Amino acid sequence: MFQIRWLWRNIERKYRVALIVALILSAGTSVMLVINPFLSAKLIDDVIIPQNPDPLLPLLFSMLAVQVLRQGMRYVMVILLERSAQHLMFNLRVHLFTVLQHQEMRFFDRNRTGDLMTRLSADLDWCRHFTAFLTYQVVDSVVMFVATLTMFFCVSWQLTLALLAVTPLLMLITKLYSKKVHPLFVGMRDRLSDLNTAAQENIAGNRVVKAFAREDYERERFHERNQEYRDANLDINKLWLTFFPMIEVLANAMTLITIFFGGALIIMGQLHPGPGAFSPGDLTIFTSLSWALANPMRNLGTLINDLQRFGASATKIIEVYYGRPLIVDRPDAESHPHMEGRIAFRDVSFSFGGVQVLKDVSFEVEPGQTVAIMGPTGSGKTTLINLLARFYDADSGEILVDGCNVHMWKLQELRRGIGTATQDVFLFSDTVEGNIAFGNQSLSEVEARDFARRAAADEFVVKMPEGYDTIVGERGVGLSGGQKQRIALARAMAVEPAILVLDDSSSALDYATD
């Protein structure tokens, strides 16, 4: 299974060792389960039936020692598993966040925010669940089944074969269930993504919802997504309930087989006493451990459920994990320590979604020159900015900065030289000063205030409760549109760019301030 191999490659070497040790401890504790039933058999055959108290205390002490040792090993096992899982989650989160940071704009055009958040939260948690829980559950089930089966064969191969008669039918049911449940889990994962996206969009756009009094519509929209997710879960539960009774009946049938055949073997042993005869102590081993043979079969459906859910979630994470942007630094990209700000567009054409936005656009801007580009809505003004900073690549033509094609610039150097203030302002949940200094972390407090004054922001900032230390809410909640635009303009100027681009950045300002 590719998802498991991918997960293993992302576990650090020392935590791989910890995971292996934990699984060895899991196997060891599963094997130890057969010891106490064996000692119980000795207690019946050597102490209770012959009325011989001499071995009683050693047997009881041994049973207690085995249980204490087993619980201690389980404790260490859980710690090692959880440490491995948590460090894996930490590394995956860092890697996925780094991948998202370097993705191009087209990636975010294709993927919804709610879906990406689901991948970074719920889907990642299933990776932790697999590492910390499913791995040892599988090992427990397999080792417990094999150890119990070995013990049973050593005691009575006839009764063991009778118990195994139900196994082929159980395997057939499990395979059929696994085949049917996989597409249901994929569908459920998609419905969860739709639900999170609906919630995220509503929360982000709550002001628009209230402005148009569309609360009822949004509630109905969310209700539909919630209902779809609920129905997807119910479909899985219905399928599970179809197969679960059959698995449960077959598992419980082992107890009946044990009592019936075991009792018959004891009666035969009493009729024909001698070495190797089936004893009451032997029957105790079977009755004490029949659950250890039945439980792995009983848990098979649950394990398959969780494995299928992990597979669906891991697949979604892998899509992001291996996602690589097309807009990257060329191997032969040139270094430009300083940008003068000379711009040239030469026969540039660009299409988006099959619609041509720009066609054969050409113009030049010299350093220090101010150029205004006018046009109706949708004519491609903002597209020019996106092409200049290489958020997108042009279909044809070339864009030059300081006489060098933007493809030959290193992305970091190119974008650091361009300061942009747009109509759609995004402010981080930080102080006013922190937002102004976002692009230039070395900015002093005095310099930040100077740029605020240039952007006509100082006048209202100093009147805020904490001044420049006032925390701006998410997306600038609590500020007017004009105030947000002035802070964004100060942020753009603070990087002291060679090219300053204002994309309708004063649309919310009053006439005097503009």
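Just so it is clear, the model here is predicted, and its values are computed rather than measured.

1. Thoughts on the overall build of the chain
Alright, step 1. Of regular secondary structure, the chain possesses 17 helices and six strands.
Alright, step 2. Taken over the C-alpha trace, the chain has a radius of gyration of 34 Å; the compact-globule value for 514 residues is 24 Å, which it surpasses by more than 25%.
Alright, step 3. Counting across all 514 residues of the chain, residues that qualify as buried make up 44%.
Alright, step 4. Taking contacts inside the chain between residues at least 6 apart in sequence as the whole, the part at least 24 apart equals 78%.
Alright, step 5. Carbon and sulfur atoms provide 60% of the accessible area of the chain, an area that totals close to 27900 Å².

2. Describing the packing of helix α6 (residues 113-155) against helix α7 (residues 157-164)
Alright, step 1. Between α6 and α7, the shortest axis-to-axis distance is 6 Å and the interhelical angle comes to 140°. Overall, the two elements α6 and α7 adopt an arrangement that is oblique. Residues F145, L149, F152, F153 and V155 of α6 touch α7, and the partners they reach there are W157, T160, L161, L163 and L164.
Alright, step 2. Here the contact of α6 with α7 is composed, by residue class, of nine nonpolar, one polar and no charged.

3. Some words on the pairing of strand β1 (residues 343-352)
Alright, step 1. Pairing of β1 with strand β2 (residues 355-365) involves seven bridges; the strand directions are antiparallel. Bridge pairing in β2 places F345 opposite F363.
Alright, step 2. The hairpin formed by β1 and β2 contains two residues between the paired strands, and G353 there has a positive phi angle of roughly 60°.
Alright, step 3. Of the pairings in the sheet, the one linking β1 to strand β3 (residues 396-401) comprises five bridges and is antiparallel in character. When the bridges of β3 are listed, F345 appears paired with I399.

4. Quick notes on the pattern of salt bridges
Opposite charge on two side chains makes pairing possible when the charged atoms of those side chains draw close.
Alright, step 1. What the rule picks out here adds up to 22 salt bridges.
Alright, step 2. Close ionic contact of R191 with D194 constitutes a salt bridge, the shortest N to O distance being 3.3 Å. Taken together, the residues R191 and D194, both in helix α8 (residues 167-204) and three residues apart, mark about one turn of the helix.
Alright, step 3. Several salt bridges share partner residues, and in doing so they unite D115, R119, D123, R189 and E319 into one network.

5. A few points about the sheet that holds β3
Alright, step 1. Strand order in this open sheet of four strands is β2-β1-β3-β4, and the pairing throughout is antiparallel. In this open sheet, the two strands that pair with only one neighbour each are β2 and β4 (404-405).

6. Some words on unusual backbone geometry
Alright, step 1. Here D347, not a glycine, exhibits a phi torsion of approximately 50°, which is positive.
Alright, step 2. In the Ramachandran plot, A456 falls in the positive-phi region, its phi being about 60° despite a non-glycine side chain.
Alright, step 3. Among the structural elements, A456 can be located in the loop between α15 (445-454) and α16 (458-461).
Alright, step 4. Here A456 falls in the partly exposed class, since its relative accessible area comes to 30%.

7. With respect to the nonpolar core
Alright, step 1. Core analysis: the largest hydrophobic core is formed by 38 residues, its most contacted members being F152, L163, Y177, V181, M254, L289 and L293.
Alright, step 2. For this core, the element with the highest residue contribution is helix α10 (residues 215-271), accounting for 11 residues.
Alright, step 3. Ignoring sequence-local partners within four residues, the contact set of F152 consists of W157, T160, L163, I285, F286, L289, S290 and L293.
Alright, step 4. In terms of nonpolar packing, the next biggest core, distinct from the first, is built from 34 residues, L80, L81, L96 and I317 among them.

8. Focus on the confidence of the model for the chain
Alright, step 1. When pLDDT is averaged across the chain, the result is 85; 95% of the residues are at 70 or more.
Alright, step 2. Put simply, helix α9 (residues 206-211) is where the chain has its lowest mean pLDDT, 74, and helix α2 (residues 13-32) is where it has its highest, 94.

9. Quick look at the pairing of strand β6 (residues 499-503)
Side chains on a regular strand alternate between the two faces of the sheet.
Alright, step 1. Judged by which residues are buried, β6 turns out to be one-sided: I499, V501 and D503 face inward and are buried, whereas L500 and L502, on the alternate face, are not.
Alright, step 2. In this structure, strand β5 (residues 418-422) lies alongside β6, joined through five bridges in parallel fashion. In the sheet register, A421 faces β6, and the bridge partner there is L502.

10. A closer look at α6
Alright, step 1. Over its 43 residues, α6 extends 60 Å from the first C-alpha to the last, a length consistent with the 63 Å expected when each residue adds 1.5 Å.
Alright, step 2. Along its length, α6 shows its largest kink, about 40°, at F130.

11. Points about a nonpolar patch on the surface
Alright, step 1. The grouping of W8, I20 and I24 at the surface amounts to a nonpolar patch, some 290 Å² of accessible area in total.
Alright, step 2. Within the secondary structure, I24 sits in helix α2.

12. Considering the packing of aromatic side chains
Alright, step 1. For the coordinates displayed, the defined rule picks out 11 aromatic pairs.
Alright, step 2. Each residue in the set W6, Y321 and Y322 is aromatic and connected to the rest through ring pairs, giving one cluster.
Alright, step 3. Note that R214 overlies the ring of Y217, its terminal NZ or CZ placed 4.2 Å from the centroid.

13. A few points about α7
Alright, step 1. Within α7, the full set of buried residues consists of L159, T160, A162 and L163. All buried residues of α7 project into a common sector of 160° when viewed along the axis, lining one side.

14. Description of the packing of helix α1 (residues 2-9) against helix α11 (residues 280-321)
Alright, step 1. Running from N to C, α1 and α11 point in directions that differ by 60°, and their axes come no closer than 9 Å. In terms of orientation, α1 lies oblique with respect to α11. α11 is crossed by α1, and the crossing has left-handed handedness. Only F310, G311, A314, T315, I317, I318 and Y321 of α11 make contact with α1, whose side of the interface consists of F2, Q3, I4, W6 and L7.
Alright, step 2. When its residues are assigned to classes, the contact of α1 with α11 shows nine nonpolar, three polar and no charged.

Calculation rules
- Residues numbered from 1 in each chain as written.
- Predicted model: local features only at pLDDT ≥ 70, side-chain atom pairs only at ≥ 80, totals over all residues.
- Heavy atoms only, no water.
- Helix = DSSP H or I, 4+ residues; strand = E, 2+ residues; numbered from the N terminus.
- Rg over C-alpha atoms; globule rule 2.2 N^0.38 Å.
- Buried < 20%, exposed > 50% of the residue type's maximum accessible area, 1.4 Å probe, protein only.
- Contact = heavy atoms within 4.5 Å.
- Areas by Shrake-Rupley, 256 points an atom, 1.4 Å probe, with all protein chains shown as cover.
- Axes fitted to C-alpha atoms, helices over the stretch in contact; angles between N-to-C directions.
- Parallel < 35°, antiparallel > 145°, perpendicular 65-115°, else oblique.
- Nonpolar A, V, L, I, M, F, W, Y, C, P; charged D, E, K, R; others polar.
- Pairing = 2+ DSSP bridges.
- Salt bridge = Lys/Arg side-chain N within 4 Å of Asp/Glu carboxyl O.
- Core = buried A, V, L, I, M, F, W, Y, C linked by side-chain atoms within 4.5 Å.
- pLDDT = per-residue confidence, 0-100.
- Expected span 1.5 Å × (residues − 1).
- Bend = angle between axes of the 7 residues up to and from the residue.
- Patch = residues over 30% accessible without salt bridge, like charges linked within 9 Å, V, L, I, M, F, W, Y side chains within 5 Å.
- Phe/Tyr/Trp six-rings, centres within 6.5 Å; stacked < 30°, edge-to-face > 60°.
- Lys NZ or Arg CZ within 6 Å of the ring centre and 35° of its normal.
- Arc of directions from axis to C-beta.
- Left-handed = near helix turned anticlockwise from the far one by under 90°.

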